Amino acid sequence: LFLENMMIDFLILFTVRKVFPCTATYGSLLAGSFTGSALTCIILFLPLPIPIRYLLLFILVNSCMVIIGLKTYRLRIFFKYWILVYLTSFLFGGIMSWLRFYIKDMLRTGSLLFVLTICSYFLLNKGLLFLKELIKFQTCCCHATLLLNGKEFPLRAFSDSGNHLSDSLTGK
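Throughout this document, residue positions are counted from 1 along each chain, in the order its sequence is written. Local features are withheld for residues below a pLDDT of 70 in this predicted model, meaning they are given only at 70 or higher, and side-chain atom pairs are given and counted only at 80 or more; totals for whole chains, interfaces and linings count all residues. Water and hydrogen atoms were dropped before computing side-chain values, which therefore reflect all heavy atoms in the structure.

A. Spatial organisation of the overall build of the chain. Scanning the chain from terminus to terminus reveals five helices and two strands. Under the DSSP-based scheme used, a helix requires at least four consecutive residues in state H or I and a strand at least two consecutive residues in state E, with every element numbered from the N terminus. Start at the N end of the chain and walk to the C end: the helices and strands fall as α-α-α-α-α-β-β. Only heavy atoms matter for contacts: two residues are in contact if any of them lie within 4.5 Å across the pair. Here the analysis covers contacts within the chain between residues at least 6 apart in sequence; of these, 57% occur between residues at least 24 apart.

In structure tokens, the structure reads:
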């Protein structure tokens, strides 16, 4: 339970770090995933009421993973990464379930989790990077009106990055 949880926690933190870069190192990602896995195991084995157990698992564990693993100390960035960890976890689970449905007859159960996790990581990573590029592309689009022979033609234009040059020293 501990090692499987640690591996998945590491891949979740690694995916968030790769898609939205931060100052986290591999060591901090490993420390965050170790902390998340250890806290999960401790909370699951403590004789606590179910609502308190879920509250600790869903708030405390992920908060510690984000603070330790992604090195977030500002509240606004913390919440951004905290939501991204939940989103990534949700997507990992969905991709793993989808893959398990299609390749369940090809693999033995013991190795299935590791293969599904690695495949899920690559699919999720590429999907999130695609969404990031799509959002960046959308911010470079604007509405324009083309006048031709007295007629107006509304269209969407792409603002080339060459038009946004600035001096790195002055910012102008």
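B. Layout of the nonpolar core. By size, the foremost hydrophobic cluster in this structure holds 26 residues, and its most contacted members are Leu70 and Val85. When residues of this core are traced back to their parent elements, those giving at least two are helix H1 (2-19), helix H2 (26-45), helix H3 (50-69), helix H4 (75-103) and helix H5 (109-139). At eight residues, H4 tops the list of elements feeding residues into this core. Ignoring sequence-local partners within four residues, the contact set of Leu70 consists of Leu13, Val16, Arg17, Cys22, Ala24, Leu29, Met65, Tyr81 and Val85. For this analysis, a nonpolar core means a set of buried residues of the types Ala, Val, Leu, Ile, Met, Phe, Trp, Tyr and Cys, connected via side-chain atoms within 4.5 Å. Only protein chains enter the area calculation, which uses a 1.4 Å probe; residues under 20% of their type maximum are buried, those over 50% are exposed, and those in between are partly exposed.

C. Seen up close, the environment of Lys18. Position of Lys18 relative to the elements: it lies in helix H1. A sequence separation of 110 residues divides Lys18 from Leu128, and the C-alpha atoms of the two residues are 9.5 Å apart. In contact with Lys18, other than residues within four places in its own chain, are Tyr121, Asn125 and Leu129.

D. Layout of a positive patch on the surface. Patches in this entry comprise residues that are over 30% relatively accessible and not in a salt bridge; like charges within 9 Å are linked, as are nonpolar side chains (Val, Leu, Ile, Met, Phe, Trp, Tyr) within 5 Å. Values of accessible area rely on a 1.4 Å probe in the Shrake-Rupley scheme; residue burial ignores everything except the protein chains shown. Salt bridge, as applied in this entry: a Lys or Arg side-chain nitrogen positioned within 4 Å of an Asp or Glu carboxyl oxygen. Just so you know, the count uses Lys and Arg for positive and Asp and Glu for negative, and it drops His and the chain ends. Lysine's charge is taken at NZ, arginine's at CZ, aspartate's at CG and glutamate's at CD. On the surface, Arg74, Arg76, Lys80 and Lys132 cluster together into a positively charged patch. When you line up the elements, Arg76 lands in helix H4.

E. Structural context of H3. Multiply 1.5 Å by the residue count of a helix minus one, and that product is the helix's expected span. With 20 residues, H3 should reach 28 Å at 1.5 Å per residue; the first-to-last C-alpha distance of 27 Å fits that figure. Maximal helix bending in H3 amounts to about 30°, located at Leu56. Within H3, burial applies to Arg53, Leu57, Val61, Asn62, Ser63, Met65, Val66 and Gly69. Note on H3: the residue one or two positions beyond its end, Lys71, has a positive phi of about 55°. The angle between axes fitted to the seven-residue stretch ending at a residue and the seven-residue stretch beginning at it gives the bend at that residue.

F. Broad picture of the side chain of Thr88. Structurally, the position occupied by Thr88 is in helix H4. Taking relative accessible area as the criterion, Thr88 reaches 2% and is therefore assigned buried. In protein, a polar contact means a hydrogen-donor-capable atom and an acceptor-capable atom, both N or O and within 3.5 Å, with residues adjacent in sequence counting only if both atoms are side-chain atoms; elsewhere, any N or O pair within 3.5 Å suffices. A distance of 2.7 Å separates a polar side-chain atom of Thr88 from the backbone oxygen of Leu84. Excluding anything up to four places from it in sequence, Thr88 contacts Ile12, Thr15, Val16, Leu124 and Leu128.

G. How the structure looks around the side chain of Thr72. With respect to the element layout, Thr72 can be found in the loop between H3 and H4. A distance of 3.3 Å separates a polar atom in the side chain of Thr72 from the backbone oxygen of Val66. Apart from residues lying up to four places away in sequence, Thr72 is in contact with Val66, Ile67, Ile77, Phe78 and Tyr81.

H. Inspection of a nonpolar patch on the surface at higher detail. A cluster of nonpolar residues, Ile50, Tyr54, Leu55, Phe58 and Ile59, forms a patch on the protein surface that exposes about 510 Å² of accessible area. The residue Ile59 is located in helix H3 in this model. On the accessibility criterion, Ile59 (43% relative accessible area) is partly exposed.

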